[in-house]
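# Architecture at a glance
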Amino acid sequence: MPRFDGKKAQKPKPDSGHQVPVEVVVQQAVRRLKLPKPVIHTSPNEDFAQVVHVPTWMWVKRSTWGPVSASVAVEGVTVTATARPRKAVWSMGEGGQVVCQGPGTPYSDAYSPKASSPDCGYTYQRASLSAPGRKYTVSVQVTWDVDWHGGGQTGVVPGLVMTAERQLVVDEVQTVVTR
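Residues numbered from 1 in each chain as written. Predicted model: local features only at pLDDT ≥ 70, side-chain atom pairs only at ≥ 80, totals over all residues. Heavy atoms only, no water.

This part is about the overall build of the chain. Counting secondary structure elements, the chain contains one helix and ten strands. From first element to last, N terminus to C terminus, the chain shows the α and β order α-β-β-β-β-β-β-β-β-β-β. Across the 179 residues that make up the chain, the buried fraction comes to 40%. In the chain, the proportion of contacts linking residues at least 24 apart, taken out of those at least 6 apart, comes to 67%. Total accessible area computed for the chain in this model is approximately 10800 Å², and 51% of it derives from carbon and sulfur atoms. (Helix = DSSP H or I, 4+ residues; strand = E, 2+ residues; numbered from the N terminus. Buried < 20%, exposed > 50% of the residue type's maximum accessible area, 1.4 Å probe, protein only. Contact = heavy atoms within 4.5 Å. Areas by Shrake-Rupley, 256 points an atom, 1.4 Å probe, with all protein chains shown as cover.)

Set out below in structure tokens:
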């Protein structure tokens, strides 16, 4: 497997018969990947308040979750790198964290309004009133692994991360019983 230790590659001397090292071409292919920034969505809608003790569904925009490839050819060595998202780690702002193995499921009327997300959800325990700006900062980190092949070799570059964040208001609903 190639090393990514930051050392500069030695350029071969003309007519030496040596190819550029594969790891140098792998680094270039990985740098050329255009990984999308995740787009955060929630239900209740992220533009409205979430509610304490009511399940919040989270997902990233589907178009930001899928393979991305790039190829580079240098001095007769061609490398193709393909990145695939592996997981999304959500930090919910009140201290909770959720690890989702996919993009999450968008909420729809096919589900009960009281239902929790089947694969990526969170239930707030505290309102965001004491948080800065009275909102929680919610972030998602999508981790990508890159499989590459070229120059007669294959390998993996794990753990590239793309991050997004947004503010969410979380309110508490009080009930009043009258007789």
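After that view, the rundown keeps rolling.
This part is about the packing of aromatic side chains. Under the defined criterion, the tally for this structure stands at five aromatic pairs. Measuring from centroid to centroid gives 5.0 Å for W57 and Y107, while their planes differ by 85°, and the two rings are edge-to-face. Residue W57 is found in strand β3 (residues 55-60), and its partner Y107 is found in the loop between β6 (97-100) and β7 (121-123); the two are separated by 50 residues along the sequence. Exposure remark for W57: the relative accessible area of 1% places this residue in the buried category. Connected via pairs of aromatic rings, a cluster forms that spans W57, Y107 and Y111. (Phe/Tyr/Trp six-rings, centres within 6.5 Å; stacked < 30°, edge-to-face > 60°.)

For the rest of this paragraph, the subject is the nonpolar core. Ranked by size, the top nonpolar core spans 43 residues in total, and within it L33, V79, W90, M92, Y124 and V140 carry the most contacts. Of all the secondary structure elements, the ones that give two or more residues to this core are α1 (22-32), β3, β4 (68-74), β5 (77-91), β6, β8 (136-150) and β9 (153-168). Here this core gets seven residues from one element, more than from any other, and that element is β8. Every residue in contact with Y124, bar those within four places of it in the chain, is listed here: Q50, V52, H53, T56, M92, E94, Y136, V138, L168 and V170. (Core = buried A, V, L, I, M, F, W, Y, C linked by side-chain atoms within 4.5 Å.)

Glancing now at the pairing of β8. Along any regular strand, the residues point their side chains to alternate faces of the sheet. By the criterion of burial, β8 is predominantly enclosed, with eleven of the 15 residues buried. Pairing of β5 with β8, which is carried by twelve bridges, proceeds in the antiparallel orientation. Counterpart to V89 in the pairing with β8 is Q141. Hairpin connection between β8 and β9: a loop of two residues separates the two successive antiparallel strands, and G151 in this loop has a positive phi of roughly 60°. (Pairing = 2+ DSSP bridges.)

Taken as a whole and assessed by the stated rule, the structure comprises three salt bridges. Here D147 and R84 are joined by a salt bridge, their closest N and O atoms 3.5 Å apart. With D147 in strand β8 and R84 in strand β5, this pair connects stretches of sequence that are 63 residues apart. Residue classification places D147 among the partly exposed residues on the basis of a relative accessible area of 37%. By relative accessible area, which is 42% here, R84 ends up partly exposed. (Salt bridge = Lys/Arg side-chain N within 4 Å of Asp/Glu carboxyl O.)

So, on to the state of the cysteines. Scanning the entire structure with this criterion turns up one disulfide. Shown here is the disulfide that connects C100 with C120, its sulfur atoms set 2.1 Å apart. What sets the handedness of the C100 and C120 disulfide is the S-S torsion sign, and at about 85° it is right-handed. Taken together, the residues C100 in strand β6 and C120 in the loop between β6 and β7 connect sequence positions 20 residues apart. Like C120, C100 is buried. (Disulfide = S-S within 2.5 Å.)

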